[in-house]
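Observations on the model geometry
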Amino acid sequence: MMNLTILGATGSIGVSALDVVARHPDRYKVVALSGHTRIELLAEQCHQFNPAYAVTGSATAAQQLTHLLSAGGSNTQVLYGANALAHIASLSEVDAVMAAIVGAAGLMPTLAAVSAGKRVLLANKEALVMAGDIFMAEVRQSGACLLPIDSEHNAIFQSMPAGYAGDFSPAGISRILLTASGGPFRDIKIEALSSVTPAQAVAHPKWVMGRKISVDSATMMNKGLEVIEAHWLFNAPADRIEVVIHPQSVIHSLVEYADGSVLAQLGNPDMRTPIAHALAWPQRIDSGVQKLDLFAIGQLTFERPDLARFPCLGLAYQALRAGGNAPAVLNAANEVAVSAFLAGHLPFLKIAAVIAEALEVVPHSAVTTIDMVMAADHQGRVAAKRALPAYVQ
Ligand code: NAD
Ligand code: MG
């Protein structure tokens, strides 16, 4: 029996994870859940899975949850705040932690799970983007088992040599080919991008996801963040990670070897596959995902990304190459710009401009501690907020 904490249980990944868990009550027990909003959903999840702990973001939300749970005679202890998240991520009785909080808010609890040496199922890519060096050093030191949930990185992991330990070239690996759907705006005229709405941006053609990652997919910043994520997870140099647009989203990524072999993982675009893979690894379990029907799909196609259309992808490569505080600044500025776009204040095409300005304004520096990462995050947010007024509608 594997005891689980799910951070971000009420989000898109959290809900998919609980769907897989519910199929295997003999294998998984939910010990703790967290949710920041959608407290009614968190209450339903508590009723279904009866966790020992549930964590919310505020005292008010905790009160609301306690009230909702009191009707059902629940044993769940309700806690709130950042310390409570770190607590449920490092409980001694917990074996595995699903890190599915969105954005920088996920960094500290995910790192707590890593430091406690847990099996960490990593969906929260922003944590690695912000603090990759420190994060991976902590994984090595604690002996945590880090398994990627992001579909591309899970595919790369599955296509890597067994027991791959970060020795990219000696293992005979020549390149990582990171696939991208191209998002909802791959084909529309560049001029039309200036007037796209939040509703259009979050309507992804292949994946159903949270709002922030959906906008990131539309700008292709998501792929940029994933390039940085792949760099840290697989110790891959930036120039060995190539982005390939593959609109069908069937091949989830590929690994190219010195002998010309290219290994890939395929499947329907449903996050329950990578979630089930990481939950059961090295075994395999049913995920509830429909079998891939190649005859129905018919064709798989590939294109080069257009950096003029998707400047955020170029900015992410730039930040990765710059290193130090740049990826944390990139991530923070992106979070500010995306929420301004979602609130209807910032035009879609100005998201990249705000991020570029933040990268330019914040002085470059090395980061060797988590406090320095948090300072870079803060500086990135301040710089992006200062840049916003010049672009708002
Ligand atoms: P989502 O917005 O649907 O859910 C986010 C979760 O985090 C919710 O439970 C929410 O309550 C919680 N949360 C939000 N703000 C918080 C805060 N300040 N403090 C604590 N908790 C907070 O997002 P999602 O689509 O499920 O994505 C979660 C993470 O997984 C992201 O990092 C995303 O990049 C990554 N990811 C998602 C997908 C996908 O298909 N959805 C695929 C790959 C990677
Ligand atoms: Mg992905």
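Each remark here, short or long, concerns the structure printed above.
Residues numbered from 1 in each chain as written. Chains lettered and ligands numbered in written order. Predicted model: local features only at pLDDT ≥ 70, side-chain atom pairs only at ≥ 80, totals over all residues. Heavy atoms only, no water.

Here's the deal with the overall build of the protein
Summing up its helical and strand segments, the protein has 16 helices and 11 strands in all. At 20 Å, the protein has a C-alpha radius of gyration in line with the 21 Å of a compact globule built from 393 residues. Along the first, second and third principal axes, the C-alpha set of the protein runs to 55 × 50 × 45 Å. In the protein, which comprises 393 residues, the share counted as buried stands at 56%. In the protein, the proportion of contacts linking residues at least 24 apart, taken out of those at least 6 apart, comes to 71%. Summing over all exposed atoms, the protein offers an accessible surface of approximately 16,500 Å²; the carbon and sulfur share of this is 54%. For the protein, the centre of its 26 positive side-chain charges and the centre of its 31 negative side-chain charges are spaced 2 Å apart. (Helix = DSSP H or I, 4+ residues; strand = E, 2+ residues; numbered from the N terminus. Rg over C-alpha atoms; globule rule 2.2 N^0.38 Å. Buried < 20%, exposed > 50% of the residue type's maximum accessible area, 1.4 Å probe, protein only. Contact = heavy atoms within 4.5 Å. Areas by Shrake-Rupley, 256 points an atom, 1.4 Å probe, with all protein chains shown as cover. Lys, Arg positive; Asp, Glu negative; His and termini not counted. Charge placed at Lys NZ, Arg CZ, Asp CG, Glu CD.)

A short note on helix α9 (residues 211-219)
Burial analysis of α9 places seven of its nine residues in the buried class, which makes it a mostly covered element. All of the buried residues along α9 are Lys212, Ser214, Val215, Asp216, Ser217, Ala218 and Thr219.

Quick notes on unusual backbone geometry
Cis geometry marks the peptide bond from tryptophan 281 to proline 282, where omega comes out at 5 degrees. Along the polypeptide, proline 282 turns up in the loop between α11 (272-280) and α12 (294-297). Within the chain, methionine 220 stands out as a residue other than glycine whose phi angle is a positive 70 degrees. Along the chain, the position of methionine 220 falls in the loop between α9 and α10 (221-234). Residue class for methionine 220 comes out buried when judged on its relative accessible area of 3%. Despite not being glycine, serine 253 shows a phi value in the positive range, around 155 degrees. By the element assignment, serine 253 lies in strand β10 (residues 251-257). For serine 253, a relative accessible area of 0% puts it in the buried group.

With respect to the site of ligand 1
Surveying the vicinity of ligand 1 reveals 22 residues, the closest of which are Thr10, Ser12, His36, Glu126 and Gly210. In this structure, an oxygen atom belonging to ligand 1 sits 3.3 Å away from a main-chain N or O atom of glycine 8. Its free accessible area being 820 Å², ligand 1 has 86% of it covered by the protein chains. Residue assignment for the shell around ligand 1 shows that the elements contributing at least two residues are α1 (12-22) and α6 (125-142). (Near = heavy atom within 4 Å. Polar contact = N/O pair within 3.5 Å; in protein donor to acceptor, adjacent residues only side chain to side chain.)

Comments concerning the sheet that holds strand β11 (residues 262-266)
Pairing in this open sheet of four strands is mixed, and the strands run β9-β8-β10-β11 from one edge to the other. A strand with exactly one partner marks an edge of an open sheet, and here the two such strands are β9 (241-245) and β11. Pairwise comparison of adjacent strand axes, ignoring direction, gives a mean angle of 20 degrees for this sheet. As judged from the five bridges shared by β10 and β11, these two strands associate in the antiparallel manner. Looking at the pairing, glutamate 256 lines up with valine 262 of β11. Those strands touched by helix α7 (residues 151-159) are β8 (173-180), β10 and β11, and its axis lies near 40 degrees from that of β10. (Pairing = 2+ DSSP bridges. Axes fitted to C-alpha atoms, helices over the stretch in contact; angles between N-to-C directions.)

Let's talk about the packing of aromatic side chains
All told, the structure shown has three aromatic pairs when counted by the stated rule. For the ring pair phenylalanine 185 and phenylalanine 348, a centre distance of 5.2 Å and an interplane angle of 85 degrees mean the geometry is edge-to-face. Taken as a pair, phenylalanine 185 in the loop between β8 and α8 (198-202) and phenylalanine 348 in the loop between α14 (326-342) and α15 (350-361) lie far apart in primary sequence, 163 residues in all. A relative accessible area of 4% places phenylalanine 185 in the buried class. Between the aromatic rings of phenylalanine 341 and phenylalanine 348, the centroid separation amounts to 5.5 Å while the plane-to-plane angle is 65 degrees, which identifies the pairing as edge-to-face. Phenylalanine 348 sits in the buried class, given a relative accessible area of 5%. Here the aromatic residues Phe185, Phe341 and Phe348 are joined through ring pairs into a cluster of three or more. (Phe/Tyr/Trp six-rings, centres within 6.5 Å; stacked < 30°, edge-to-face > 60°.)

Thoughts on the nonpolar core
Membership of the largest hydrophobic core comes to 99 residues, with the highest contact counts inside it found for Phe135, Leu330 and Ile355. Counting residues per element, this core draws most heavily on α14, at 11 residues. Not counting chain neighbours up to four residues away, the residues in contact with phenylalanine 135 comprise Thr110, Leu111, Val114, Leu122, Ala127, Leu128 and Leu146. Grouped together as the second largest cluster of nonpolar side chains are 36 residues, Ile6, Val20, Tyr28 and Ala280 included. (Core = buried A, V, L, I, M, F, W, Y, C linked by side-chain atoms within 4.5 Å.)

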